[in-house]
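# Summary of the model geometry
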Amino acid sequence: MGMSAQLHAARLMLRRGRGIGDLLPILAFAASTGVLAMVLGGLGAFMTRAAAVGDGGGSAAGASGGDDMLAFLMICALIATALLVPSAMSLGASAARLSLSRRERQLAAVRLVGGTRGQVGLVAVLDVLVQALIGSVIGLGLHVAVIPLLMRLDFAIAPFRFGELLLPWWGYPALLAGAALMAVASGAFGLIGVSISPLGVARQSRTVRMSILRMVVWVVLLVAFIVASKLLSYIPGLDAAVGIAIMLTLMALVVWSVNLVGPFLVWVVARMTAAIAPTPALLVGARRLAADPRAGWRAVSGIAFGLIIAGMLTLISSLSIDSGDEAGRAMGHALATGGYLTLAITSVLAAVSTGVTQTARLLEQGEVLRAQHVAGATVAQLHRARFAEIGIPLSLAGIVAAISALVLILPVMSGVGDPLIGLALYITAAAAALGLVAASVAVSGPLVGRLARTQG
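As the structure is a prediction and not an experimental result, all values here were calculated from the model.

### What to know about the pattern of salt bridges
Two side chains that carry opposite charge are able to pair once their charged atoms sit near each other. One pass over the full model with this rule turns up 3 salt bridges. A salt bridge links Arg288 to Glu389; its shortest N-O distance comes to 3.2 Å. Of this pair, Arg288 sits in helix α10 (residues 280-291) while Glu389 sits in helix α14 (residues 379-409), placing them 101 residues apart in sequence. Each member of the pair, Arg288 together with Glu389, is buried.

What follows is the structure, encoded as structure tokens:
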């Protein structure tokens, strides 16, 4: 296939996608880029206020603000950024992999008519790139649209102005370029795990490689965070900014490692469950997970992160207890506002991630569902198998998130007020997260019967 034919095939593929499956990656890229722009814009606003106070512009803090207040709020904004950015980037990377998996048969068709592996890879990456750019532009538009709502938030300082919450002019093309680079890199890396040979697609052959190193990395990062939190304060001459940067980096790595260890645990537990499954539905669900643990984990990765944020709010709620003075009440109110804002952003990411991955996974399983229905499985049985398939990674997400959240708040547990308030908030947030998963499963549920009854 010559270069002109290759580009013609690319144009045909890019024009062809008009179904819901082709809109899902765009939606995921929009949410990812929009959240990144909002979080970075908010961080920039706090840093600008803090710099103004440092330069003598004390009025930027407002009547109830001060140097210490703004400095502490900026640290909290850095922590929130370290927690949210990995999740938003992970959603964008997942969108790229989702786009590739949706194109698998079309890519195989290009191979069948003479395209080389390199040419097919270029077509696939171009497809992902276009979806990333469209979604990112939509996301940046949504970021600008929600700024008036963010201006109404009360952080116990003078309200932010519209311009303060915007990124600098170069930030928007930088985000677009970053989204494009991430999409291209994720797409190129994802091609390793996507079978694009005609025979491989026909046989649905995939090689699942899960290494125990995933678990080792997660445990090492948890231990490193605990050790650093205990030892950094005893290092003579260590600059406070350096110590904060180290802790924020380790915190971000711990959050990132949740998505590293998750697929491994899903793979191990699914294989064990399939070996002892007492019902056909559980057996089918476990075998699906064992065959593609990454996809199973992606369906709940947003919820796992939401539960980590809920664990962090345990600390925030405890610190927000009325301290008896005006400064303490203002600080507690600002912490609670920031905490709930972070949880709200996380909930949006979790909702998009869960809804997109659940719907996409059903679309990918359309032929399997039809074959099982023709073989005698009722739609009710297919539903039970699907709930079994989501139940295993959901349970593991709760366990991994609880352990990670406990480690992240462990260094300051001795300073909390009433732990019962934090525990109540955590249970409430966890119940809301689980309800979100149940809602996403229920919303896409009618697709099961529709796909099962569709004539091939």
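### A few points about the nonpolar core
Among the nonpolar cores identified, the biggest contains 91 residues, and Leu83, Ile157, Phe225 and Leu408 are the most heavily contacted of them. Sort the elements by how many residues they give to this core and helix α9 (residues 240-276) lands first, with 13 residues. With sequence-adjacent residues up to four places away left out, Leu408 is seen in contact with Leu83, Phe225, Met251, Val254, Val255, Ile308 and Met312. Leu362, Leu369, Val448 and Ala452 belong to the second largest nonpolar core, which has 7 residues in total.

### Let's talk about the packing of aromatic side chains
A full pass over the atoms with the stated rule returns 2 aromatic pairs. A ring pair is formed by Phe264 and Trp267, whose centres lie 6.4 Å apart and whose planes are at 45°; its orientation type is tilted. In this pair, Phe264 and Trp267 both sit in helix α9, 3 residues apart, roughly one turn of the helix. Given the relative accessible area of 9%, Phe264 is considered buried.

### Brief notes about the packing of α14 against helix α16 (residues 446-453)
At a closest axis distance of 10 Å, the pairing of α14 and α16 adopts a crossing angle of 125°. Between α14 and α16, the angle falls in the class oblique. Handedness of the crossing formed by α14 with α16: right-handed. For the pair formed by α14 and α16, the contact residues are Val379, Leu382, His383 and Arg386 on the first element and Val448, Gly449, Ala452 and Arg453 on the second. The residue inventory of the contact of α14 with α16, partitioned by class, reads 4 nonpolar, 2 polar and 2 charged.

Rules behind the numbers
Here, residues in each chain are numbered from 1, in the same order as that chain's written sequence. Since the coordinates come from a predicted model, pLDDT governs what is reported: local features require at least 70, and pairs of side-chain atoms require 80 or more to be given and counted, while whole-chain, interface and lining totals use all residues. Side-chain calculation: all heavy atoms of the structure are included, whereas hydrogens and water are not. By definition, a salt bridge exists where a carboxyl oxygen of Asp or Glu is found within 4 Å of a side-chain nitrogen of Lys or Arg. Secondary structure counts use DSSP, requiring at least four H or I residues in a row for a helix and at least two E residues in a row for a strand, with both numbered from the N terminus. With a 1.4 Å probe rolled over the protein chains alone, any residue whose accessible area is under 20% of its type maximum counts as buried; one over 50% counts as exposed, and the rest are partly exposed. As used in this record, nonpolar core signifies buried Ala, Val, Leu, Ile, Met, Phe, Trp, Tyr and Cys residues forming a set joined through side-chain atoms within 4.5 Å. By definition, residues are in contact when any of their heavy atoms lie within 4.5 Å. Aromatic rings from Phe, Tyr and Trp, with only the six-membered ring used for Trp, were paired whenever their centres fell within 6.5 Å, and each pair was classed as stacked if the ring planes differed by under 30 degrees, edge-to-face if by over 60, and tilted otherwise. Between N-to-C directions, angles span 0 to 180 degrees; the directions come from axes that are lines fitted to C-alpha atoms, helices contributing only their stretch in contact. In these notes the angle categories are as follows: under 35 degrees is roughly parallel, over 145 is roughly antiparallel, 65 to 115 is roughly perpendicular, and the rest is oblique. It is the rotation of the near helix from the far one that decides the hand of a crossing: anticlockwise by less than a right angle makes it left-handed, clockwise makes it right-handed. Residue polarity is assigned by list, with Asp, Glu, Lys and Arg as charged and Ala, Val, Leu, Ile, Met, Phe, Trp, Tyr, Cys and Pro as nonpolar; anything else, Gly included, falls into the polar class.

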